[in-house]
Amino acid sequence: GGKVMNKSKDIGLILLIITVVMWGISFISIKISMDVFPPLSLAFYRFVIASIILFPIMKYAAPKEKLLKKDIPLMATAGIIGITIYFFFENNGILRISASAASVIIAFMPVVAAFGEIFFLKKIPKLTALLAVALSILGVYLVIGGDLSSEGSLLGYLYMLGAAISFSIYLIITKPLFDTYSDVTVSFYQSLFGCLAFIPFLGFEKVSWSQINPEISIHFIFLAVFCSGIATYFYMFALNNLGVTISAVFMNLIPVVTFIASYFWYEEIPSSIQLLGAVIVIISVSIVTLSEKSKEINN
């Protein structure tokens, strides 16, 4: 039994690393794909394809699971907040600021979640976590501080903050669904509901189909098939076998991947202050996540 468990953990770790690399590169692929697809259209087509990929995986992995009528409102709300609203904010943010800066704001997400728990669940965090939260805010300030000269970038950062807030709410309301459903079932139905909620807004955007070229096609397929379909499943597998803490700490490495990819793709070199800020965010968010874990163990 122990050997099987360790093997699952090893596989989970490998899948988690692959997921972090895919999601780190996705910030650049989103920026490039938006030459053709406006923000909401890009997310819609991504999740149409992701739903088509996740459906057979769900039928294979959890053939007997059916979505109960009483759970439809919660599943739909989670899908709309975690996909429709999240990608409305994220794609609009990436349109206006650099891919690497956008990824740092998303890495800031556990801090936003910690604030949510303080205000909504009246949880009192440990002093270490509070100090790390303060430190991470300083880190974010260093990343964006020298970049707020234009109105466009200020709006971009506000959009990314909206993405971080909506994803934190999504995580809180998704938790109860795992009591009844497997990870892949939750992924599929949220993907489906998130996708459907984009439809009313598609008429307001125009996709420049004539501008599609091989490069944009490759980036779009990478986003739809790998980042939304396969990586979602990989992340759920890791979450199941490694737990929330390790999975969350690894997410903090996404900006590292984005910074490296931006350097190779755009030859974008962040300033030393921005790099320092990114390192501070990654370290402080890891402290918040690990102190939450120690609190769970002590309880």
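Keep in mind the model is a prediction, meaning the values are calculated, not measured. Residue positions within a chain follow its written sequence, with the count starting from 1. Thresholds applied to this predicted model are a pLDDT of at least 70 for local features of residues and 80 or more for the giving and counting of side-chain atom pairs; totals over whole chains, interfaces and linings are not thresholded and use all residues. Only heavy atoms go into the side-chain values, all of them from the structure, while hydrogens and water stay out.

(A) Layout of the packing of helix H2 (residues 39–61) against helix H3 (residues 72–96). The axes used here are C-alpha line fits, helices contributing only the stretch in contact, and every angle between their N-to-C directions lies in the interval 0 to 180 degrees. A run of H or I in DSSP counts as a helix once it spans at least four residues, and a run of E counts as a strand once it spans at least two, with each numbered from the N terminus. Taken N-terminus to C-terminus, the directions of H2 and H3 make an angle of 130°; their axes are 8 Å apart at the nearest point. Considering their axes alone, H2 and H3 lie oblique with respect to each other. Judged by the twist between their axes, the crossing of H2 over H3 is right-handed. Within the contact between the two elements, H2 uses Pro39, Leu40, Leu42, Ala43, Arg46 and Phe47 and H3 uses Ile83, Phe87, Phe88, Asn91, Asn92 and Leu95. Side-chain classes are defined by residue name, with Ala, Val, Leu, Ile, Met, Phe, Trp, Tyr, Cys and Pro counting as nonpolar, Asp, Glu, Lys and Arg as charged, and the others, Gly among them, as polar. Here the contact of H2 with H3 is built from residues that sort into nine nonpolar, two polar and one charged. Any angle between 65 and 115 degrees counts as roughly perpendicular, while under 35 counts as roughly parallel, over 145 as roughly antiparallel, and the rest as oblique. Note on convention: near helix rotated counterclockwise from far helix by under a right angle means a left-handed crossing. Clockwise means right-handed. The criterion used for residue contact is that any of the two residues' heavy atoms lie within 4.5 Å.

(B) The arrangement of the nonpolar core in detail. Here, the term nonpolar core denotes a set of buried Ala, Val, Leu, Ile, Met, Phe, Trp, Tyr and Cys residues that are joined through side-chain atoms within 4.5 Å. A 1.4 Å probe rolled over the protein chains alone gives each residue an accessible area, and that area as a share of the maximum for its type sets the label: buried under 20%, exposed over 50%, partly exposed in between. The biggest cluster of nonpolar side chains holds 64 residues, and the ones touching the most others in it are Phe27 and Met160. Every residue in contact with Met160, bar those within four places of it in the chain, is listed here: Phe27, Phe89, Glu90, Gly93, Ile94, Ile97, Ala102, Ile105 and Ile106. Formed by 15 residues, the second largest nonpolar core is a distinct cluster that contains Leu54, Val184, Phe188 and Phe193.

(C) Geometry of the pattern of salt bridges. Between Lys or Arg on one side and Asp or Glu on the other, a salt bridge is scored when a side-chain nitrogen of the former is within 4 Å of a carboxyl oxygen of the latter. Within the structure shown, the criterion is met by one salt bridge. Residue Asp71 is joined to Lys70 by a salt bridge in which the shortest nitrogen-to-oxygen separation is 3.4 Å. You can call Lys70 exposed: its relative accessible area is 65%.

(D) Region of the structure containing the packing of aromatic side chains. What counts as a ring pair is set by centres within 6.5 Å for rings of Phe, Tyr and Trp (its six-membered ring), and what kind of pair is set by the plane angle: stacked under 30 degrees, edge-to-face over 60, tilted for all other angles. This model, assessed by the stated rule, comprises 17 aromatic pairs. Taking the centre distance of 5.2 Å and the plane angle of 55° together, the rings of Phe47 and Phe87 count as tilted. Separated by 40 residues along the polypeptide, Phe47 in helix H2 and Phe87 in helix H3 bring together distant segments of the chain. This pair shows no difference in class: Phe47 is buried, exactly as Phe87 is. Every member of this aromatic cluster is reached through a ring pair, and the members are Phe37, Phe44, Tyr45, Trp209 and Phe220.

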